[in-house]
Each structure stands twice: as C-alpha cells, then as structure tokens.
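Next come the chains, spelled out residue by residue.
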Amino acid sequence: MKKKIGVLVLVIALIISYPSTLLLNSFQTSFAFGLTITVTDAGDAGPNTLRDAISTANGSANNVLITFDPGITTITLDSSLPYISIEDGSITIDGGNHVTIVKSFGGAGYGFKIGNELPVNNSTGNSIRNLELDGFENGIILYGDNNRVENVIVSGPMVASACSNLGQHGISTVRRNTDDVVNNTISNNTVTCYRKGIFLQNPSGTIVSGNTVPRNTSTVALTGSQVFNDVNPCFV
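Residues numbered from 1 in each chain as written. Predicted model: local features only at pLDDT ≥ 70, side-chain atom pairs only at ≥ 80, totals over all residues. Heavy atoms only, no water.

Below, the discussion takes up the environment of Ser209. Position of Ser209 relative to the elements: it lies in strand E16 (residues 207–209). Given the relative accessible area of 34%, Ser209 is considered partly exposed. Residues Ser209 and Ser187, spaced 22 residues apart in sequence, show a C-alpha to C-alpha distance of 4.8 Å. Once you skip the residues sitting within four places of it in the chain, Ser209 turns out to touch Ile186, Ser187 and Asn188. (Helix = DSSP H or I, 4+ residues; strand = E, 2+ residues; numbered from the N terminus. Buried < 20%, exposed > 50% of the residue type's maximum accessible area, 1.4 Å probe, protein only. Contact = heavy atoms within 4.5 Å.)

As structure tokens, this is what we get:
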C-alpha cells in the first residue's frame, strides 16, 4: 500500500511540475475535426475559394480543417484574406505542401492573420501549416493565444530572385490592444526577405524552434535563426 501511495504522489508531482506551456501547446492538435472544407477554386474570391473557406469556417462552431484540391498549386490574391476570428471552434489550414499563396495587390498586406487587435479578437487553437506565402509585407500575424505555425515558407517582396524591398515581419506575435499574446508555437518554418523574420512582442510561453530565418537584402545575406523581440535580436 505504501508503495502504491508513493507512486501516486510521484505521478502527481510530475504533472504539477510539467511545463504548462508544453501542455497547452500539445492540446492544440488533440481535437477531432467536425467540418472539413476543401478549396477547389484557385481564384481570389467566390465559391470554393480560400477566401470563401475562411469566411465559412469563421462562422462555424466546429473545429474546421481547410484543405486544398491536389490540382491547386498557386492562389493569387487581390487583397488580404479575412482574418481568422472563430471563437467557438478552431481552424486548421493545411496546404499539403503543394500550395503557394501569392500577393498581387499594391501596398501593405498580410498573408494570414489569426485574431485581431481592434476590435479585439482572441481566436485560439488554430493552425497554419504546410504551405508557402510569397510577397506579403507581413506574412503571418498572431493576435490570438495558443496557435501554431508549422512548416510554412514565408518569402517577402522579391525582384529577379533578390530581396528588393524588405517586408516588415515574416511571422509575428502582436499585442491585442494592451493584452500580451501567449503560448503560441512557431516551428520548422523558413522565412526570407524580411526586416525581422520572426518578431515576438512580449510573448509569454511561446515556443520557437527549428526555424530557418536568413535576413537578406539584394547585396547582403545574414544566415541564422534570427528571432527579434521588443528589446534585442536573439538566435535560437
């Protein structure tokens, strides 16, 4: 009996001591999808497009998986996509490693935005993975907590295969008004042609691992996994 009690106490102690951020991030992908939407139109807007899929998913109370027909390889956008605002479920966008999303409009814009600063929206438990973004001033902006960005290639503005006009942030976490954004995971991504490849604004519990972030200009290439925060750049 004493031995069993001792084992139980040890298990409880391990659970209490286990990093809460790792538990939170492991829970992000543990749910089942209640709805799957397949993008079958590579156009900018209209039925069965990515824009339509995000709008539909935002209005759902399910955990939604957005996938792409194997025949879709490039989606060219004429404006930024709607931000992910779902609150009663979650959205996972999986490009299947065959989809590139290209910016074709002038001025600033973003590839994906999860949550929003004003009006405040803290959309949680979402995931963007296995795709490529090309030419966006800001690649992926996280205003929500407990989200994941994995295996994404983010490339800023380029001309003749050179970084001509660096974008702002490849992947970033940004405060919702005055609230810090916490417990996100940014892993195994490649980010090029940005002033700040990965930018973290006072992130608590955010996991950054396995990323390749060269910071390029047309004449200078600095390699290393560069992550910037509000104070100093650091290398991970």
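Next comes the rest of the write-up.
Within helix H3 (residues 50–58) the residues assigned to the buried category are Leu50, Arg51, Ala53, Ile54, Ala57 and Asn58. One face of H3 carries all of its buried residues, which in axial projection span an arc of 165°. Buried-residue contacts for H3 involve strand E1 (35–39), strand E2 (63–68), strand E3 (74–77), strand E4 (90–94), strand E5 (100–103) and strand E6 (110–114). (Arc of directions from axis to C-beta.)

Looking now at the nonpolar core. Ranked by internal contacts, the top residues of the largest apolar core, which has 39 residues, are Leu50, Ile66, Ile93, Ile101 and Phe112. Ranked by the residues each element gives to this core, the list is headed by H3, at 4 residues. Residues in contact with Leu50, not counting those within four places in the same chain, are Val39, Asp41, Ile66, Phe68, Ile75, Leu81, Ile101 and Phe112. (Core = buried A, V, L, I, M, F, W, Y, C linked by side-chain atoms within 4.5 Å.)

In this structure the tally under the stated criterion is 0 aromatic pairs. Positioned above the aromatic ring of Phe105, the side-chain terminus of Lys103 is 4.6 Å from the ring centre. (Phe/Tyr/Trp six-rings, centres within 6.5 Å; stacked < 30°, edge-to-face > 60°. Lys NZ or Arg CZ within 6 Å of the ring centre and 35° of its normal.)

All right, on to the confidence of the model for the protein chain then. Here the protein chain averages 80 in pLDDT, and 73% of its residues register 70 or above. Note that pLDDT drops below 50 for residues 216–226; the model gives that stretch 27 contacts with residues more than four away or on any other chain. Taken as a whole, residues 229–236 scores under 50 in pLDDT and shows 18 contacts with residues more than four places along the chain or in a different chain. (pLDDT = per-residue confidence, 0-100.)

Now for the pattern of salt bridges. Tallied over the full model, the rule gives 5 salt bridges. Of the charged contacts, one joins Glu150 and Arg148 as a salt bridge, the two residues approaching to 2.9 Å between their closest N and O atoms. Of the residues examined, Glu150 reaches a relative accessible area of 19% and is grouped as buried. Its relative accessible area of 13% is what places Arg148 among the buried residues. Between Arg175 and Asp180 there is a salt bridge, and its shortest N-O distance comes to 3.1 Å. (Salt bridge = Lys/Arg side-chain N within 4 Å of Asp/Glu carboxyl O.)

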